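Report on the structure
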Amino acid sequence: MAEHAHSERFDSQMFIGGQWVDAVSGATFDSINPATGAVIATVPRGDVNDVGRAVAAARDAFDSGRWGQATSERERSRLLFAIAEEVRRERDALAELEVLDCGKLLADARADIDEVAFMFEYYAGWATKLAGDIPPVGPHAMSLIVNEPVGVCGLIVPWNYPMLMAAQKVAPALAAGCTVVLKPAEQTPLTALRLASIVERVGVPAGVFNVVTGFGVEAGEPMLTDPRVDKISFTGSLAVGRHIQRTCADQLKRVTLELGGKSPNIIYADASLAEAISGTCSGVFGNQGEVCSAGSLVLVERSIYENVISQLAEVASEIRLGSGLDPDVTMGPLVSSAQRDRVQGYVASAPSDGARCLYAGDLPSDPRLTEGFFVPPSIWEVDDLAPRIAREEIFGPVMTVTPFESVDDAIRLGNSTEYGLAAAIWTSDIKKALTTARAIRAGVVWVNDSQPAPSESMWGGYKQSGVGRELGPYALDAYLEKKHIYINLS
Ligand code: ADP
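Small disclaimer: the values here were computed from a predicted structure and weren't measured. (Residues numbered from 1 in each chain as written. Predicted model: local features only at pLDDT ≥ 70, side-chain atom pairs only at ≥ 80, totals over all residues. Heavy atoms only, no water.)

1. Brief notes about the overall build of the chain
- Looking only at helices and strands, the chain has 15 helices and 21 strands in total.
- Whereas a compact globule of 490 residues would reach a radius of gyration of roughly 23 Å, the chain reaches 23 Å, a difference of no more than 12%.
- In terms of overall dimensions, the chain has C-alpha extents of about 70 × 65 × 40 Å along its principal axes.
- Looking at the chain as a whole, 57% of its 490 residues are labelled buried. (Helix = DSSP H or I, 4+ residues; strand = E, 2+ residues; numbered from the N terminus. Rg over C-alpha atoms; globule rule 2.2 N^0.38 Å. Buried < 20%, exposed > 50% of the residue type's maximum accessible area, 1.4 Å probe, protein only.)

2. Considerations on the packing of aromatic side chains
- Tallying each qualifying case throughout the model produces 7 aromatic pairs.
- Arranged with centres 4.9 Å apart and planes meeting at 55°, the rings of F29 and F215 form a pair that is tilted. Highlighted residues: F29 in strand 3 (residues 28-32) and F215 in the loop between strand 8 (209-211) and helix 7 (216-225), separated in sequence by 186 residues.
- Between W446 and W459, the aromatic rings sit 6.1 Å apart at their centres with planes inclined by 45°, giving tilted as the arrangement. (Phe/Tyr/Trp six-rings, centres within 6.5 Å; stacked < 30°, edge-to-face > 60°.)

3. Details of the pairing of strand 7 (residues 179-183)
- By the criterion of burial, strand 7 is predominantly enclosed, with 5 of the 5 residues buried.
- Neither face of strand 7 is exposed, since T179, V181 and K183 on one face and V180 and L182 on the opposite face are all buried.
- Relative to strand 7, strand 6 (residues 152-156) runs parallel, the two sharing 5 bridges. Residue pairing for strand 7: G154 is matched across the bridge by V181.
- Taken together, strand 6, helix 5 (residues 162-176) and strand 7 form a β-α-β motif whose crossover is right-handed.
- Handedness of the β-α-β unit built from strand 7, helix 6 (residues 190-202) and strand 8 comes out right-handed. (Pairing = 2+ DSSP bridges. Right-handed = clockwise from strand over helix to strand, strands pointing away.)

4. Details of the site of the ligand
- Contacts to the ligand come from 17 residues, most closely from V157, K183, E186, E221 and S237.
- For the ligand, an oxygen atom lies 2.6 Å from a polar atom in the side chain of K183.
- A distance of 2.8 Å separates a nitrogen atom of the ligand from a polar side-chain atom of E221.
- Taking 560 Å² as the accessible area of the ligand by itself, protein coverage stands at 82%.
- Secondary structure elements with two or more residues in the shell around the ligand: helix 7, strand 9 (231-235) and helix 8 (238-249). (Near = heavy atom within 4 Å. Polar contact = N/O pair within 3.5 Å; in protein donor to acceptor, adjacent residues only side chain to side chain. Areas by Shrake-Rupley, 256 points an atom, 1.4 Å probe, with all protein chains shown as cover.)

5. Some words on the sheet that holds strand 18 (residues 444-447)
- The 7 strands lie next to each other as 13-14-15-12-11-17-18, forming an open sheet whose pairing is mixed. Unpaired on one side and paired on the other, strand 13 (356-360) and strand 18 mark the two borders of the sheet. Each neighbouring strand pair of the sheet contributes to a mean axis angle of 20°, computed without reference to strand direction.
- Relative to strand 12 (residues 297-301), strand 11 (residues 264-267) is paired through 4 bridges, and the arrangement is parallel. Paired with N265 across the strands is V298, a residue of strand 12.
- Against the sheet, helix 9 (residues 273-285) engages strand 11, strand 12, strand 14 (378-381), strand 15 (398-404) and strand 17 (422-426), with an angle of about 140° to strand 15. (Axes fitted to C-alpha atoms, helices over the stretch in contact; angles between N-to-C directions. Contact = heavy atoms within 4.5 Å.)

6. Brief notes about the packing of helix 3 (residues 91-102) against helix 4 (residues 106-127)
- Closest axis-to-axis distance for the helix 3/helix 4 pair is 8 Å, and the angle between their directions is 125°. One way to sum up the angle between helix 3 and helix 4 is to call them oblique. Crossing of helix 3 against helix 4: the hand is right-handed. Counted together, R91, D92, L94, A95, E96, E98 and V99 of helix 3 and L106, A109, R110, I113 and D114 of helix 4 form the full contact between these two elements.
- Grouping the amino acids of the contact of helix 3 with helix 4 by side-chain chemistry returns 6 nonpolar, no polar and 6 charged. (Parallel < 35°, antiparallel > 145°, perpendicular 65-115°, else oblique. Left-handed = near helix turned anticlockwise from the far one by under 90°. Nonpolar A, V, L, I, M, F, W, Y, C, P; charged D, E, K, R; others polar.)

7. Things to note about unusual backbone geometry
- Although it is not a glycine, Q451 sits at a positive phi angle of roughly 90°.
- Along the chain, Q451 falls in the loop between strand 18 and strand 19 (462-463).

8. A short note on the pattern of salt bridges
- Inspection of every chain in the model, using the stated rule, returns 29 salt bridges.
- The shortest N-O distance in the salt bridge between E481 and R254 comes to 2.9 Å. Remark: R254 occurs in strand 10 (residues 254-258) and E481 occurs in strand 21 (residues 480-488); sequence separation between them is 227 residues.
- A relative accessible area of 38% places R254 in the partly exposed class.
- A salt bridge links R302 to E405; the shortest N-O distance between them is 2.8 Å. Taken as a pair, R302 in the loop between strand 12 and helix 10 (305-317) and E405 in the loop between strand 15 and helix 13 (407-414) lie far apart in primary sequence, 103 residues in all. (Salt bridge = Lys/Arg side-chain N within 4 Å of Asp/Glu carboxyl O.)

9. Some thoughts on the side chain of N33
- For N33, the location among the structural elements is in the loop between strand 3 and strand 4 (39-44).
- Of note is the side chain of N33, whose polar atom sits 2.9 Å from the backbone nitrogen of A35.

10. Quick word on the side chain of E393
- Among the secondary structure elements, E393 is positioned in the loop between helix 12 (388-391) and strand 15.
- No salt bridge is formed by the buried E393; the nearest opposite charge belongs to R342, separated by 6.1 Å.
- A polar contact is formed between the side chain of E393 and the backbone nitrogen of G261, at a distance of 3.0 Å.
- Those residues within four positions of E393 in sequence are excluded, and the remaining contacts are G260, G261, K262, V291, C292, R342, Y346 and Y419. (Lys, Arg positive; Asp, Glu negative; His and termini not counted.)

11. Quick look at the nonpolar core
- Grouped together as the largest cluster of nonpolar side chains are 135 residues, with contacts concentrated most on I83, F120, F209 and I267.
- Apart from the residues lying within four places of it in its own chain, the contact partners of F120 are L80, I83, A84, A167, V170, A171 and L195.
- Ranked by size, the runner-up nonpolar core spans 25 residues in total, among them V343, I389, A390 and I394. (Core = buried A, V, L, I, M, F, W, Y, C linked by side-chain atoms within 4.5 Å.)

12. Description of a nonpolar patch on the surface
- A cluster of nonpolar side chains, namely I134, M142, I485, I487 and L489, defines an oily patch on the protein surface of about 400 Å² accessible area.
- Here I487 shows up in strand 21. (Patch = residues over 30% accessible without salt bridge, like charges linked within 9 Å, V, L, I, M, F, W, Y side chains within 5 Å.)

13. Regarding the pairing of strand 3
- Only one face of strand 3 is buried, namely the one carrying F29 and S31, since none of T28, D30 and I32 on the opposite face is buried.
- In the sheet, strand 3 pairs with strand 4 via 5 bridges, with the strands oriented antiparallel. Of the residues in strand 4, the one forming a bridge with D30 is T42.
- Between the antiparallel neighbours strand 3 and strand 4 lie 6 residues, among them G37 with a positive phi of about 80°.

Laid out in structure tokens, this is it:
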């Protein structure tokens with residue numbers, strides 16, 4: 001479907017305590033289609049007063065037992081399955097809305113929404129399986145270890161996978177029996193609001209799930225300091241993550257942080273090259289490079305270096321920029337003008353910082369897209385990892401390439417980043433694969449692949465990439481407290 005066919009608006013109120021409401025202040029802000037710069041929705045600009053209402057609703061739903069300990073696990077499970085079913089029913093509309101709000105490709109958005117539905121099914125299953133433990137403590141006593149929901153959770157999510165990141169937190173939190181206040185990114189509030197209408201429709205009790213739209217400092221920050229919030233789960237930048245950790249320390253709020261990355265992508269000479277080249281390119285340029293685990297630090301064994309860089313440039317040259325709704329397009333716009341300017345800033349300073357340009361693509365030629373926030377893909381050669389583009393997270397379609405001499409050298413370079421989210425290793429030698437995978441200090445390591453993150457598995461970072469783990473059963477730990485009940489039998 002062509003971009004200009006969309007004059008439709010997606011204006012919405014926000015969802016607090018089972019009601020659709022405006023901000024107390026009456027303020028609003030616009031959501032923009034990044035491919036065209038057009039306003040597609042106006043939504044409430046929440047602040048401390050709206051967060052206060054949402055937290056009160058979530059607290060009341062939790063404390064009164066409308067969810068959590070006094071709701072049966074079967075009922076929670078049934079409602080999560082019902083949410084999944086509605087997400088599947090609305091799949092195409094949700095995917096299109098995601099494209100219009102954040103700029104990604106329609107096929108990728110559909111895959112996101114499919115995973116959102118699966119995520120709710122997966123955690124619907126877990127809701128009835130959060131068994132505790134009975135450790136032996138001798139003949140005269142009995143110890144019961146029981147899982148209990150942590151309470152009211154503030155869930156703060158970014159704009160690169162808006163609905164998927166929301167589901168990644170909402171589904172395990174609700175399965176665990178928590179009540180939530182979801183704060184979508186200001187750039188991409190629309191699918192979170194659609195999720196609210198689904199939650200309402202399937203009959204989740206009022207106050208269990210709330211959405212406050214708005215900006216980080218106005219609508220996110222108040223959740224950090226409100227004593228009625230027990231837990232913050234955040235996905236976003238390192239700077240904001242550090243601030244959240246510090247602020248939450250005062251009340252000892254539980255915190256899960258999924259932050260940035262500068263993930264090494266190591267290509268050994270014995271790799272299957274066709275796979276390695278295409279996987280490396282999609283691991284950096286997929287989702288316009290707006291991926292926290294993008295394998296943008298490409299390290300290539302010296303003996304194949306020249307061959308690899310020319311093939312990487314060739315694959316990159318086939319990328320076609322445009323609207324994510326156009327089926328011929330293979331890279332969409334960045335999410336906002338601010339993000340475009342940030343990425344362009346990195347690219348502009350790269351030559352003077354010691355990086356050599358190996359490839360730079362073109363902007364889209366369609367005149368309807370001149371107001372869009374496009375940045376063409378580029379590939380840069382760096383001899384060491386001193387230039388900023390080889391050290392800092394860019395969150396755009398920018399790849400650096402550096403040769404290495406040996407396994408030790410690859411590991412040293414791969415571990416030189418302050419981050420530790422992910423790494424990709426391309427080799428046909430199982431020993432080399434496992435030696436490197438064990439030595440890299442990162443939470444996720446792909447061998448002969450880049451970026452898959454099945455909901456049943458695990459996600460999370462070492463070092464500056466975060467605190468805690470998401471996905472799989474691991475995410476549930478973030479929303480549970482464990483209690484020891486000791487019974488004297490003597
Ligand atoms: P990015 O730089 O990728 O936009 P951010 O870390 O700034 O990432 O934003 C991720 C999420 O965190 C967004 O929902 C944003 O509104 C929110 N946020 C930003 N600043 C704060 C803050 N001080 N307190 C709470 N949430 C914040």
